[in-house]
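# Overview (structure and organization)
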Amino acid sequence: MLRACVRAAVVVLAAMMLSGPALAGPVGRTMPDRFAPESLDGVPVLVEDTAGGTVWSAWAYRDGGEYAIAVSLMDSDGGWTDPVFIGRDDGLDQIEPSLAIDATGTAYLAFAVRETREIRVSVLVGGTAKWSAPARVSGDGEVASAPVVRIVSDRVVLGYATDAGTRLLDFALVPGTGVIRTNGIQEGPDVID
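Each value, and the rule that gives it
- Residues numbered from 1 in each chain as written.
- Predicted model: local features only at pLDDT ≥ 70, side-chain atom pairs only at ≥ 80, totals over all residues.
- Heavy atoms only, no water.
- Phe/Tyr/Trp six-rings, centres within 6.5 Å; stacked < 30°, edge-to-face > 60°.
- Helix = DSSP H or I, 4+ residues; strand = E, 2+ residues; numbered from the N terminus.
- Buried < 20%, exposed > 50% of the residue type's maximum accessible area, 1.4 Å probe, protein only.
- Lys NZ or Arg CZ within 6 Å of the ring centre and 35° of its normal.
- pLDDT = per-residue confidence, 0-100.
- Contact = heavy atoms within 4.5 Å.
- Salt bridge = Lys/Arg side-chain N within 4 Å of Asp/Glu carboxyl O.
- Pairing = 2+ DSSP bridges.
- Axes fitted to C-alpha atoms, helices over the stretch in contact; angles between N-to-C directions.

As enumerated under the stated definition, the model contains two aromatic pairs in all. Both rings, one in W56 and one in W131, keep their centres 6.4 Å apart while their planes meet at 85°; by these two values the pair is edge-to-face. Remark: W131 occurs in the loop between β7 (118-124) and β8 (135-136) and W56 occurs in strand β2 (residues 55-63); sequence separation between them is 75 residues. Side by side, W56 and W131 carry an identical accessibility label, which is buried. Taking 4.9 Å as the distance between ring centres and 50° as the angle between the ring planes, the aromatic pair formed by Y61 and F85 counts as tilted. Pair noted here: Y61 is in strand β2 and F85 is in strand β4 (residues 84-86), with a separation of 24 residues, a long-range link. Across the pair, exposure class does not vary: Y61 and F85 are buried alike. One residue, R88, lies across the ring of F85, its end atom 4.0 Å from the ring centre.

Residues of the protein with pLDDT of at least 70 account for 69%, and the chain-wide mean is 78. Low pLDDT (under 50) marks residues 181-193, which in the prediction has 27 contacts with non-local residues, meaning those over four places away or in another chain.

Moving on to the pattern of salt bridges. Proximity of charged atoms lets side chains of opposite charge pair with each other. According to the stated counting rule, one finds seven salt bridges in the structure shown. A salt bridge links R136 to D140, with the nearest nitrogen and oxygen atoms 2.2 Å apart. Between E142 and R167 there is a salt bridge, with its nearest N and O atoms 3.3 Å apart. With E142 in the loop between β8 and β9 (144-152) and R167 in strand β11 (residues 165-174), this residue pair connects regions lying 25 residues apart in the sequence. Residue E142 is classed as buried on the basis of its relative accessible area of 19%. Shared partners join several salt bridges into a network, and the residues in it are E118, R120, R136 and D140.

Strands sit in the order β1-β2-β3-β4 across an open sheet of four strands; the sheet is antiparallel. The sheet is open, and its two edges are formed by β1 (45-48) and β4, each paired on a single side. The sheet shows a mean angle of 25° between the axes of neighbouring strands, direction not considered. Across four bridges, the pairing between β1 and β2 is antiparallel. Across the sheet, E48 pairs through a bridge with V55, a residue of β2.

The subject of this paragraph is unusual backbone geometry. Although it is not a glycine, R117 adopts a positive phi angle of roughly 55°. Looking at the element boundaries, R117 is found in the loop between β6 (107-113) and β7. Residue R117 is classed as partly exposed on the basis of its relative accessible area of 47%. Positive phi, close to 60°, is recorded for S153, a residue that is not glycine. Within the secondary structure, S153 is located in the loop between β9 and β10 (155-162). Looking at S153, the relative accessible area reads 53%, which means it is exposed.

Along the chain, D102 falls in the loop between β5 (94-101) and β6. For D102, a relative accessible area of 6% translates into the label buried. Ignoring sequence-local partners within four residues, the contact set of D102 consists of D49, Y108, I151 and L173.

Right, let's talk about the sheet that holds β5 for a bit. Across the sheet, which stays open at both edges, the four strands sit in the order β5-β6-β7-β8 with antiparallel pairing between neighbours. Of all the strands in the sheet, the pair left with one neighbour each is β5 and β8. Judged from the six bridges that link them, β5 and β6 form a sheet pairing that is antiparallel. Among the inter-strand pairings, I101 is bridged to a residue of β6, identified as A107.

Here you go:
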C-alpha cells in the first residue's frame, strides 16, 4: 500500500515538475504584505496546514542584488506575519521554493540555489520558531532546479529537474522532530519500475 502511494506521488510530482512553476495552494487567499507582484519577486507558493489550518506562503524575495526565500504565515484574522528570510545577504540567489507541512505541523522547504545549481532543504519543527540550516540534497555534479516537495504517508517526497532528467527522492519522517532519515532513499526511475 505504501509503495503504491509513493508511486502515485512520483507520477503527480513528475507531472507538476513538467508543467512548470505555478501558484499552488488555497484559492482566493490574499498575498503576504511583503510580496510585490509587480516587482522581480518570484512566484509565491501557498500551502495550507490541514491539521492546524495555518496558511503558509513562500517566495523568492528580491532584496537588493540577490534573492532570499521569504516565508510568511496567515494568522487567524487573515493578516500575514512578517516574513522570515532564508539565505538573506549570503551572496546567493535562493529561488523556486516548494513547501510541505506534515501532520505534526513541521514545515519542509525545498528551494534551488541559482549559482551553485543545487537543491537545498530547510525544516521548521512544528511549535518552534527557527528553521534548520539549509542542507544540500541534490547530488554531486548535478545541475538541479525546480524542486517539488510533498508529504506522502510517512515520507517526504522530493522531486527536482536535473540536466539528465527528473530525480525523485523519498525520506522517512521521524514525526515531530523535523528529521528525515536518509536510509531508504529511492531514486527514480526505479521507484516506478
